[in-house]
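# Examining the three-dimensional arrangement
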Amino acid sequence: MIPVVVIAALVLIGASVRILREYERAVVFTLGRFQKVKGPGLVLLIPFFQEMVRVDLRIQVIEIPTQDVISRDNVSMKVDAVLYFNVVNPERAIIQVQSYLPATNMLAQTTLRAVLGQHELDEMLSERKKLSTDVQSILDTQTETWGIKVSNVEIRTVELTENMVRAIAKQAEAERDRRAKIIHAEAEFQASQTLVNAAQILGSIPAAMQLRYLQTLAEIGAEQNSTVVFPMPIDIVKPFLELLEKTGATRGANGAALVPPNELPLNA
């Protein structure tokens, strides 16, 4: 008789005593009705009248399977992501949804397809962080009634077809050529503007022009060239032309009148 009593006592103790870890909580039901959330530590239950469901409060990681997504500009691609969430309200996580883990996974898949389908391919490739934030915000709002907090969503890979990859490569090459031409045109404009400013400065001071010519002659002479073709500025020749005109006018007054070359008849 005593062994039977001892065995019955051990069975009752095993059915009534539970030990929960620090990250676990127990949702206790009494005759099928929710009573309270207990834990962590030692939890005592009334055998055959109470039962409990363990809930893990740690952050859980779900790999969202690869989804076929069509962007707003009709580009087909495959996208997968990683979801981070944790239970913040054990009562809702057990009562409001049948199984919160697969429910959150399915909701993440549909939300990912819906959000990415509203954007173009360029936005998916360049603004991946923003799209991840949008997906996380939508999931967090929808799972709040389940007692679940979505802390982060990371879009991991975006796979394109080979034809689309080649098209993107051509587009990137054309964009680089466009930028190179723009930079070259801007450099030409700046160089021409600098030359205009230098010409204005040299034109305002005649001596500066002569010094510049002399400096250019010195640079050419340093290269040991045998033949030098150097243009003569009109400002240097002009005094000599004026002197010749004065001399010709004086001779014309003393002797025969001189006719300027520009006044000669056409049939002369």
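What comes next is a walk through the structure. Since the structure is predicted, the reported quantities are computational estimates derived from the model, not experimental observations. (Residues numbered from 1 in each chain as written. Predicted model: local features only at pLDDT ≥ 70, side-chain atom pairs only at ≥ 80, totals over all residues. Heavy atoms only, no water.)

## Observations regarding the overall build of the protein
Applied cut-off: A run of H or I in DSSP counts as a helix once it spans at least four residues, and a run of E counts as a strand once it spans at least two, with each numbered from the N terminus. In this description, contact between two residues means that some pair of their heavy atoms is separated by no more than 4.5 Å.
A tally of helices and strands in the protein yields eight helices and eight strands. Within the protein, contacts between residues separated by at least 24 positions form 62% of all contacts whose residues are at least 6 apart in sequence.

## Points about helix α3 (residues 100-116)
Just so we agree on the cut-off: Residue count minus one, scaled by 1.5 Å, sets the expected span of a helix. Per-residue accessibility, obtained with a 1.4 Å probe over protein chains only, is compared with the maximum for each type, and a residue is labelled buried under 20%, exposed over 50%, and partly exposed between these values.
Over its 17 residues, α3 runs 24 Å from end to end, which matches the ideal 24 Å to within 8%, given 1.5 Å per residue. Residues Tyr100, Thr104, Asn105, Leu107, Ala108, Gln109, Thr111, Leu112, Val115 and Leu116 constitute the buried set of α3.

## Some details on the environment of Asn89
Mapped onto the secondary structure, Asn89 falls in the loop between β7 (76-87) and α2 (90-95). Look at Asn89 and you get partly exposed, because its relative accessible area is 24%. Through-space distance from the C-alpha of Asn89 to that of Ile148 is 6.8 Å; in sequence the pair is 59 residues apart. If we ignore the near neighbours within four places in the chain, the residues touching Asn89 are Trp146 and Gly147.

## Regarding a nonpolar patch on the surface
Test applied: The residues that make up patches have over 30% relative accessible area and no salt bridge, and they are joined within 9 Å when like-charged or within 5 Å when they are Val, Leu, Ile, Met, Phe, Trp or Tyr. Using a 1.4 Å probe, the Shrake-Rupley method yields the accessible areas, and only the shown protein chains count as cover for residues. Whenever Lys or Arg places a side-chain nitrogen within 4 Å of a carboxyl oxygen from Asp or Glu, that contact is recorded as a salt bridge.
There is a patch of nonpolar side chains on the surface, built from Ile2, Val6, Leu10, Ile13, Val17, Ile19, Leu42 and Leu44 and spanning about 810 Å² of accessible area. Looking at the nonpolar patch, the elements that each hand over two or more residues are α1 (2-16), β1 (17-20) and β4 (41-44). Tallying contributions element by element places α1 first for the nonpolar patch, with four residues. Looking at the element boundaries, Ile13 is found in helix α1. Relative accessible area serves as the criterion here: at 49%, Ile13 is assigned to the partly exposed category.

## Things to note about the side chain of Arg25
Convention followed: Charge assignment: positive for Lys and Arg, negative for Asp and Glu; neither His nor the chain ends contribute.
For Arg25, the location among the structural elements is in strand β2 (residues 24-30). Glu22 provides the closest opposite charge to the buried, unpaired Arg25, separated from it by 4.9 Å.

## Section: the packing of α3 against helix α5 (residues 128-143)
The following threshold applies: As a rule, the C-alpha atoms of each element are fitted with a line to give its axis, helices using only the stretch in contact, and angles between N-to-C directions run from 0 to 180 degrees. By the definition adopted for this analysis, an angle is roughly parallel if under 35 degrees, roughly antiparallel if over 145, roughly perpendicular if from 65 to 115, and oblique otherwise. By definition, any crossing whose near helix is turned counterclockwise from its far helix by less than a right angle is left-handed, and any crossing with a clockwise turn is right-handed. Polar here means any residue other than Ala, Val, Leu, Ile, Met, Phe, Trp, Tyr, Cys and Pro, which are nonpolar, and Asp, Glu, Lys and Arg, which are charged; Gly is therefore polar.
One can describe the packing of α3 onto α5 by two numbers: an axis separation of 10 Å at closest approach and a directional angle of 135°. Here α3 is positioned oblique relative to α5, judged by the angle of their axes. Taken as a pair, α3 and α5 cross one another with a handedness that is right-handed. The residues of α5 that touch α3, namely those facing Leu107, Ala108, Thr111, Leu112, Val115 and Leu116, are Leu131, Asp134, Val135, Ile138, Leu139, Gln142 and Thr143. Considering only residue class, the contact of α3 with α5 consists of nine nonpolar, three polar and one charged.

## A few points about the pattern of salt bridges
Using the criterion set out here, one finds 12 salt bridges in the structure. As a salt-bridge pair, Glu63 and Arg156 come within 3.9 Å of each other at their nearest N and O atoms. With Glu63 in strand β6 (residues 60-70) and Arg156 in strand β8 (residues 148-160), this residue pair connects regions lying 93 residues apart in the sequence. Accessibility expressed as a relative area gives 39% for Arg156, which makes it partly exposed. Residue Arg72 is joined to Glu120 by a salt bridge in which the shortest nitrogen-to-oxygen separation is 3.7 Å. Remark: Glu120 occurs in the loop between α3 and α4 (121-126) and Arg72 occurs in the loop between β6 and β7; sequence separation between them is 48 residues. Via salt bridges that share partners, Arg21, Glu24 and Arg54 belong to a single interconnected network.

## Quick word on unusual backbone geometry
Here the amide bond leading from Gly39 into Pro40 is cis, since omega sits at 0°, within 30 degrees of zero. Unusually for a residue other than glycine, Phe48 sits at a positive phi of about 70°. Structurally, Phe48 can be placed in the loop between β4 and β5 (50-56).

## Some details on the nonpolar core
Rules: By nonpolar core is meant a set of buried Ala, Val, Leu, Ile, Met, Phe, Trp, Tyr and Cys residues that side-chain atoms within 4.5 Å join together.
Counting 32 residues, the largest nonpolar core has Met77, Val79, Leu83, Tyr100, Leu112, Leu116 and Leu139 as its most contacted members. Within the residue set of this core, elements represented by two or more residues are β2, β6, β7, α3, α4, α5 and β8. Sequence-distant contacts of Leu112, defined by excluding residues within four places in its chain, comprise Ile64, Gln67, Val79, Ala81, Val135 and Ile155. Ranked by size, the runner-up nonpolar core spans six residues in total, among them Ala26, Val28, Leu45 and Met52.

## Some remarks on the sheet that holds β5
Which entries qualify depends on this criterion: Two strands are counted as paired when DSSP detects at least two bridges linking them.
Strand order in this open sheet of three strands is β3-β2-β5, and the pairing throughout is antiparallel. The two strands at the open ends of the sheet, each matched to only one other strand, are β3 (33-38) and β5. Averaged over all adjacent pairs, the angle separating strand axes in this sheet is 25°, with direction ignored. Note: β2 against β3, five bridges, orientation antiparallel. Bridge pairing links Ala26 to Lys38 in β3.

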